[in-house]
Amino acid sequence: MASIKFELESKFGSIYGPEEQEAMLEVLRNNAPTSGDACIQFEKEYAAYCGTTHARAVSNGTAALFLSLLALGVKPGDRVLTTPLTWIATAAAGATLGAEVDFVDIDPLTYNMDMNKLEEKLTPNTKAVLPVHLYGQCCDMDALIALKNKHGFGIVEDACHAIGAEYKGRKSGSMGATGCFSFHEQKNMSTLGEGGMITTNCPGLFERMALYRSHCTRVYGKSTKYCSLDETKLPMGKRFWWQDFDDCGYNFRMTDIQAAVGIVQLRKIDQLNQLRIDSSNYITERIKDIPGLTLPTVTPGNKHVYHLYPLLIDPAVYGMTKDDFVWAMREERGIRIGTHYIPLHWTTAFQKRGFHRGQFPVADALAERLVTLPIHPRLTEEGLDYLIDSIRHFSPLGK
Ligand SMILES: *Cc1c(COP(=O)(O)O)cnc(C)c1O
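A brief look at the structure comes next. (Residues numbered from 1 in each chain as written. Predicted model: local features only at pLDDT ≥ 70, side-chain atom pairs only at ≥ 80, totals over all residues. Heavy atoms only, no water.)

### Some details on the packing of aromatic side chains
The cut-off we apply is this: Side-chain rings of Phe, Tyr and Trp, where Trp is taken by its six-membered ring, are said to pair if the distance between their centres is within 6.5 Å; with planes under 30 degrees apart they count as stacked, over 60 as edge-to-face, and otherwise as tilted. In this text, helices come from DSSP runs of H or I with a minimum length of four residues, and strands from runs of E with a minimum of two, each type numbered from the N-terminal end. Exposed residues in this analysis have more than 50% of their type's maximum accessible area, buried residues have under 20%, and partly exposed residues fall in between, with area computed by a 1.4 Å probe over protein chains only.
With the rule as written, the count across this model stands at 16 aromatic pairs. With a centroid separation of 5.6 Å and 45° between ring planes, the pair formed by Phe 42 and Phe 183 is classed as tilted. Taken together, the positions of Phe 42 in helix α3 (residues 37–50) and Phe 183 in the loop between β8 (178–182) and β9 (196–200) put the pair 141 residues apart, joining distant regions of the chain. Classification of Phe 42 as buried rests on a relative accessible area of 0%. Taken together, a centroid distance of 5.6 Å and an interplanar angle of 65° make the contact between Tyr 46 and Phe 183 edge-to-face. Placement of the pair is Tyr 46 in helix α3 and Phe 183 in the loop between β8 and β9, with a sequence separation of 137 residues. Summarising the burial analysis for this pair, Tyr 46 and Phe 183 share the class buried. A connected cluster of aromatic rings, assembled from ring pairs, spans Phe 42, Tyr 46, Phe 181 and Phe 183.

Here you go:
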């Protein structure tokens, strides 16, 4: 009982094993550098996994989103569009660059951005659109790409929930101008609590993101391992190395200890995701007869990796409001139910920017009823049964 409660009362992302410990120690024995050989290896394997030509490790998913928009040239006066139902980092990336951020309402089945409502929000100033592959299922990318081809904005995929998710055979993060990933402790794979990755097929964007990640440093020389070698830029004389800065940039680097763990996690990610998928299917099979619950909809052609398991509660039928359900599960059953996410137009940050409740009616209505069940790779059958039994207990079938 104690262990079941442990599985369900905390927030959990990935799991680590002895392989991660050994990989960390190996880097430690080599003086634990930042952005060294382990990072380069991690980037190489990550790009190969996603099917992109380039990947760059960064300090977190927020930095990945910020650098993507920066590389696309987003500046004050530009418009950036995303969904209101996401973690604030998606929208903050544009806002912190001074752009005007606006939202597109969500699809009532997948909870992702409703691509049918995107076109009316586009203006000539719209520089970027950030689809969020919410809970681990990709957005309708064909529709988005068709609009991009017509209107010419940049697509920045927020794939922070969706490492390994697939859309019509394509990996998340490989379909936009860039793909952004987070390895925060709660994500499907983690690099010691924080970390991120940007993927792209565009050499120009890659170069800009790589530069701004690390102070826009350029090193020219005959024998530098990690930098472009351009001997023509080498000053005359006896110098064999020369440093310049293209612009003022940032430090969004990842350390090699994190990258070494990331390499191991990446090699396990399909297995870790499969555990999530199996747990989710197990839950679905056993709660689908409960009245008043809407279970996740997986669109054909999608591989959903269940970062979270969304559940929509109809209070009139289930017999409990979302708030009462979250409260009762916590107080009476010791289970932490998530409420991801508070729509961003309900928050002070975006109300200060002119938004108000009621502006995105689908998101407004669903957010009153949407909860997320804890899904992570350490859930046992016993834990899952306890979770299922608890959901049933509060339903009309349990009374
Ligand atoms: C976690 C997350 C981010 C930000 O990632 P960090 O690594 O925490 O900076 C961005 N978008 C979404 C949807 C996320 O869940």
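Let's pick the thread back up.
### A short note on the site of the ligand
As a reminder, the rule being used: Throughout, the term near means that a residue has one or more heavy atoms lying within 4 Å of the molecule or strand in question. Residues adjacent in sequence count toward polar contacts only when both atoms are side-chain atoms; beyond that, a polar contact is any pair of N or O atoms within 3.5 Å, and within protein one must be able to donate a hydrogen and the other to accept it. Surface exposure here means Shrake-Rupley accessible area, sampled with a 1.4 Å probe, where a residue is shielded only by the protein chains that are shown.
Residues in contact with the ligand amount to 16 residues; listed here are only the nearest, Gly 61, Thr 62, Asp 158, Ser 182 and Lys 187. His 161 has a polar side-chain atom sitting 2.8 Å from an oxygen atom of the ligand. Within the contact set of the ligand, an oxygen atom lies 2.7 Å away from a side-chain nitrogen or oxygen of Ser 182. Its free accessible area being 380 Å², the ligand has 93% of it covered by the protein chains.

### As for the pattern of salt bridges
Just so we agree on the cut-off: We define a salt bridge as a contact between a side-chain nitrogen of Lys or Arg and a carboxyl oxygen of Asp or Glu at a distance within 4 Å.
Per the stated rule, a full pass over the model turns up 21 salt bridges. With a closest N to O distance of 2.6 Å, Lys 150 and Glu 119 form a salt bridge. You can see Lys 150 sitting in helix α6 (residues 141–151) and its partner Glu 119 sitting in the loop between β3 (100–103) and β4 (126–130), a full 31 residues away along the chain. With a relative accessible area of 32%, Glu 119 lands in the partly exposed category. Of the charged contacts, one joins Asp 246 and Arg 218 as a salt bridge, the two residues approaching to 2.8 Å between their closest N and O atoms. Here Arg 218 lies in strand β10 (residues 217–221) and Asp 246 lies in the loop between β11 (241–245) and α8 (256–287), a separation of 28 residues in the sequence.

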